[in-house]
Amino acid sequence: MNGGGGMDPVIVQQLGRGHPLAVHLDDFLTDLKNANASPQPLRAYRGDLL
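Rules used in this analysis
Residues numbered from 1 in each chain as written. Predicted model: local features only at pLDDT ≥ 70, side-chain atom pairs only at ≥ 80, totals over all residues. Heavy atoms only, no water. Helix = DSSP H or I, 4+ residues; strand = E, 2+ residues; numbered from the N terminus. Rg over C-alpha atoms; globule rule 2.2 N^0.38 Å. Buried < 20%, exposed > 50% of the residue type's maximum accessible area, 1.4 Å probe, protein only. Contact = heavy atoms within 4.5 Å. Areas by Shrake-Rupley, 256 points an atom, 1.4 Å probe, with all protein chains shown as cover. Lys, Arg positive; Asp, Glu negative; His and termini not counted. Charge placed at Lys NZ, Arg CZ, Asp CG, Glu CD. Salt bridge = Lys/Arg side-chain N within 4 Å of Asp/Glu carboxyl O.

Engineer: Break down the overall build of the chain for me, with residues and values.
Structural biologist: Looking only at helices and strands, the chain has three helices and zero strands in total. When the elements of the chain are put in sequence order from the N terminus, they spell out α-α-α. Rg of the C-alpha trace for the chain: 10 Å, near the compact-globule value of 10 Å for 50 residues, within the 12% margin. Considering only C-alpha atoms, the chain reaches an extent of 30 × 25 × 15 Å along its principal axes. For the chain, with 50 residues in total, the buried portion stands at 22%. Counting only contacts in the chain whose residues sit at least 6 apart along the sequence, the fraction spanning at least 24 positions is 41%. About 3,400 Å² of surface is accessible on the chain, with carbon and sulfur atoms providing 54% of the total. Counting 4 positive and 5 negative side-chain charges, the chain places the centres of these two groups 8 Å from one another.

What follows is the structure, encoded as structure tokens:
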């Protein structure tokens, strides 16, 4: 989600790359970003899901 092709740094910090849901959460947030969601809903979804 960070544009650099890596996993969202907040997800990595909170869950770690090895967490079973980390990749799925990152994919979900990336899909929202690709659908032109504004930053506020992205932060809200990330916070709620973490």
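Engineer: An account of the pattern of salt bridges is needed here, citing residue identities and associated values.
Structural biologist: Within this structure, the stated rule accounts for one salt bridge. Here Arg-46 and Asp-8 are joined by a salt bridge, their closest N and O atoms 3.0 Å apart. Separated by 38 residues along the polypeptide, Arg-46 in helix α3 (residues 39–49) and Asp-8 in the segment before α1 (9–14) bring together distant segments of the chain. Judged on exposure class, the residue Arg-46 and its partner Asp-8 are both buried.

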